[in-house]
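# Per-entry structural report
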Amino acid sequence: MKRSTKRFFATVAAFWTAILCVSQPASSYEIRPFLALHESMSFAAAECLRVAGGAEPLDCSAYVAKLASLSDAKNPRIEGIGQAARWPDDPTRQIKARTLIKFGFNAKLNCKSVLRRSPEIGQVGLLCSSHHGRLQFFHAMASSSSETFENTRAKLIDWAAFTYGVAAGFIDPATDYCGYWKDNSSSISTSMRPPNFAFCGGSTAKHPWTISTLFAMRCSNPVSSETCTEVIGPAGTDLARSAAAGALLHLVQDSYSQSHAARGTTSEPAYRPVIDCNLPSRFYDYSTQNSKEHSKADKVPALASSCKSGATVDDAITASAKLLWHIERRSDPAIVISYLRSRVLGGS
Ligand SMILES: [Zn+2]
């Protein structure tokens, strides 16, 4: 990457004090260098879309059985959208496999400690906010123990609308970040742009964010996000759109993890690695969840019997493929949200 294509964030320690917390694999379907589950689900969705030859991919459920072989972390075929789908787990692109264990240990302790002192994204950073704080809707989870099921679902829908808008080109990545969220009265506006957010425009702001900034940062030091760069120009726009598409798929895929959400009736034991084709009935709160139980379901999933032909709710791969199809076609955002409500997340 050429120097001219970066914007340098060297003096933002007040914001980027968060230590890496993405390496805690229990907080999501695993990604490289563990199992590459988000990567392989997204790759499978792209394959299903390609095979459909331009038509809407209506049933990609057969790909679920192939995830075990595709999710080998060394599989080189899962770049592209597969890599983009990692973004919510590593939003500042810090994961380096060599020292991952050390980071994970530091991160878990530090994220929780930092968040106890200061729960806002404006002070604790994107990584910790995503995994333990106000942005847990990135992963189809409640952001606090007091959040209701309907509140969480509204956040998931609003996050989906935003990421779809960026991915499909309805929201320009060059848009002023703070202005966008100030004018937007959705359920996630305050979480995305809290009152003390340090990177809004104005005389005291060193680096006012655009929407692209959110998706196009890279922090060089894997154990600290004090020094980061932003990819800018056309490469930054492409990276932002790609990461937003990945974030949308990641959200949908996490909503099928029984570590994150329960679907349908609760008669079956929870925390099983099974994709259930019923609408969500509960979103869990990670802070009050047993982390050992949580990690049991974030494994290579099987397909539940509810995902039979004619099911009214799509499986995770089919839903991912349909969203990629909508992004390619630049479908009306209202159509996409209607689809997510009726066949993925529920609600009205
Ligand atoms: Zn996740």
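With that out of the way, let us pick up the overall build of the protein. In terms of regular secondary structure, the protein is built from 14 helices and seven strands. If you take every contact in the protein between residues at least 6 apart in sequence, the share linking residues at least 24 apart comes to 77%.

Another point: the confidence of the model for the protein. Per-residue confidence for the protein gives a mean pLDDT of 80; residues scoring 70 or more make up 73%. Below pLDDT 50 for its whole length, residues 1-5 participates in six contacts with residues either more than four positions away or in separate chains. Considering only residues more than four positions removed or in separate chains, one finds that residues 119-123, a stretch of pLDDT under 50, has 20 contacts.

Residues Ala-44, Ala-45, Ala-160, Ala-244, Leu-248, Leu-251 and Ile-317 are the most contacted members of the largest nonpolar core, which totals 80 residues. Take this core: its biggest share by element is 10 residues, from helix α11 (residues 233-254). Excluding anything up to four places from it in sequence, Ala-160 contacts Leu-248, Leu-251, Ile-337 and Leu-340.

Where helix α7 (residues 149-167) meets α11, the closest approach of the two axes is 8 Å, and the angle between their N-to-C directions is 150°. Comparing their axes, α11 and α7 come out roughly antiparallel. Considering the relative orientation of α7 and α11, their crossing is left-handed. Contacts between α7 and α11 involve Leu-156, Trp-159, Ala-160, Thr-163, Tyr-164, Val-166 and Ala-167 from the former and Ala-240, Arg-241, Ala-244, Ala-245, Ala-247, Leu-248 and Leu-251 from the latter.

Quick look at unusual backbone geometry now. With a phi angle near 60°, Ala-140 is a residue other than glycine that sits in the positive phi range. Inspection of the secondary structure puts Ala-140 in the loop between α6 (126-132) and α7. The residue Arg-330 is not glycine, and still its phi comes out positive at about 55°. Tracing the chain through its elements places Arg-330 in the loop between α13 (316-329) and α14 (333-345).

All right, on to the packing of α7 against α14 then. Close contact between α7 and α14 brings their axes to 10 Å; oriented N to C, the two are set at 140°. The angle between the axes of α7 and α14 places the two elements in the oblique class. Seen from above, α7 lies across α14 with right-handed handedness. Touching Arg-153, Leu-156, Ile-157, Ala-160, Ala-161, Tyr-164 and Gly-165 of α7 are Pro-333, Val-336, Ile-337, Leu-340 and Leu-345, all from α14. Looking at the contact of α7 with α14 residue by residue, the class counts come to 10 nonpolar, one polar and one charged.

This brings us to α13. Here α13 is 14 residues long and its end C-alpha atoms lie 20 Å apart, about the 20 Å a rise of 1.5 Å per residue gives. Counting buried positions over the 14 residues of α13 gives 11, a clear majority of the element. Looking at α13, one finds that the buried residues are Ala-316, Ile-317, Thr-318, Ala-319, Ser-320, Ala-321, Lys-322, Leu-323, Leu-324, His-326 and Ile-327. Against α1 (37-51), α3 (81-84), α7, α11, β5 (274-275) and α14 lie the buried residues of α13.

Within the secondary structure, Phe-199 is located in the loop between α9 (189-192) and α10 (211-215). Distance in space between the C-alpha atoms of Phe-199 and Tyr-177 is 8.7 Å, their sequence separation being 22 residues.

Moving on, we get to the environment of Ala-36. Within the secondary structure, Ala-36 sits in the loop between β1 (6-9) and α1. Remark: the alpha-carbon pair of Ala-36 and Ser-71, spanning 35 residues in sequence, is separated by 4.6 Å.

A separate point is the environment of Trp-87. Assignment of secondary structure puts Trp-87 in the loop between α3 and α4 (100-117). Once residues within four sequence positions are removed from consideration, Trp-87 is found in contact with Phe-215, Ala-243, Gly-246, Ala-247 and His-250.

What counts as what
- Residues numbered from 1 in each chain as written.
- Predicted model: local features only at pLDDT ≥ 70, side-chain atom pairs only at ≥ 80, totals over all residues.
- Helix = DSSP H or I, 4+ residues; strand = E, 2+ residues; numbered from the N terminus.
- Contact = placed C-beta atoms within 7 Å.
- pLDDT = per-residue confidence, 0-100.
- Core = buried A, V, L, I, M, F, W, Y, C linked by C-beta atoms within 7 Å.
- Buried ≥ 20, exposed ≤ 12 C-beta atoms within 10 Å, placed from the backbone.
- Axes fitted to C-alpha atoms, helices over the stretch in contact; angles between N-to-C directions.
- Parallel < 35°, antiparallel > 145°, perpendicular 65-115°, else oblique.
- Left-handed = near helix turned anticlockwise from the far one by under 90°.
- Nonpolar A, V, L, I, M, F, W, Y, C, P; charged D, E, K, R; others polar.
- Expected span 1.5 Å × (residues − 1).

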